Amino acid sequence: MADRRRRGARARRQGHVAESLAVLFLRLKGYRILERNWRSKLGEIDVLARKGDLLVLVEVKTRGDAASARGAVLAPQRQRLIRSLGHYLKTRPELAHLDLRCDVVAFAKLGWPIHLKDAWRPEA
């Protein structure tokens, strides 16, 4: 049980570091960070950023290799993120006019972050 807690704590630390690096990476690319770890009863969004007339939901993933990181956002999580984004927009109506995009910033153990723009679209 203690091993499991240690692994969980290590994963949370790695996730926090990855999110911090993703925020820096996005800022360097010209994005303005609006929220980090935004939570509601519907779920958590890692990063919400804005660039011009675009509001970007960013999910940050860390995996052993780039291919695993890219495919780490599965359909149930995407749906939860979209519902959370809808709730966020209700709390920030001044952003409702912006175009929306869902991105992933993926980290593998080695190498630069991979920014997957428009990684998925809300299902109709």
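Whatever comes next refers back to the structure up there.
The following paragraphs examine the structure supplied in this document.

So, how was this worked out
- Residues numbered from 1 in each chain as written.
- Predicted model: local features only at pLDDT ≥ 70, side-chain atom pairs only at ≥ 80, totals over all residues.
- Heavy atoms only, no water.
- Helix = DSSP H or I, 4+ residues; strand = E, 2+ residues; numbered from the N terminus.
- Buried < 20%, exposed > 50% of the residue type's maximum accessible area, 1.4 Å probe, protein only.
- Polar contact = N/O pair within 3.5 Å; in protein donor to acceptor, adjacent residues only side chain to side chain.
- Contact = heavy atoms within 4.5 Å.
- Salt bridge = Lys/Arg side-chain N within 4 Å of Asp/Glu carboxyl O.
- Core = buried A, V, L, I, M, F, W, Y, C linked by side-chain atoms within 4.5 Å.

**Overview of the side chain of Gln-77**
Next, step 1: As for its position among the elements, Gln-77 is in helix 3 (residues 75–91).
Next, step 2: By relative accessible area, which is 17% here, Gln-77 ends up buried.
Next, step 3: Reaching out from Gln-77, the side chain makes a polar contact with the side chain of Glu-59 at a distance of 2.8 Å.
Next, step 4: Excluding anything up to four places from it in sequence, Gln-77 contacts Glu-59, Lys-61 and Ala-72.

**Description of the pattern of salt bridges**
Next, step 1: Counted under the stated rule, the structure contains six salt bridges.
Next, step 2: For the salt bridge of Arg-39 with Glu-44, the shortest nitrogen-to-oxygen distance reads 3.4 Å.
Next, step 3: Sharing partners across several salt bridges, the network here consists of Glu-35, Arg-92 and Glu-94.

**Considering the nonpolar core**
It is characteristic of soluble globular proteins that their nonpolar side chains tend to be buried jointly.
Next, step 1: Of all hydrophobic cores here, the largest spans 18 residues; its most connected members are Ile-45, Leu-48, Leu-57, Leu-85, Tyr-88 and Trp-120.
Next, step 2: Of all the elements in the fold, those that place two or more residues in this core are strand 1 (32–40), strand 2 (43–51), strand 3 (54–62), helix 3, strand 4 (99–107) and strand 5 (114–120).
Next, step 3: With four residues, helix 3 is the largest single contributor of residues to this core.
Next, step 4: Non-local contacts of Ile-45, meaning those with residues more than four positions away in its chain, are made with Arg-36, Asn-37, Trp-38, Leu-57, Leu-81, Ser-84 and Leu-85.
Next, step 5: Counting 14 residues, the second largest nonpolar core, distinct from the first, contains Val-23, Tyr-31, Val-60 and Val-105.

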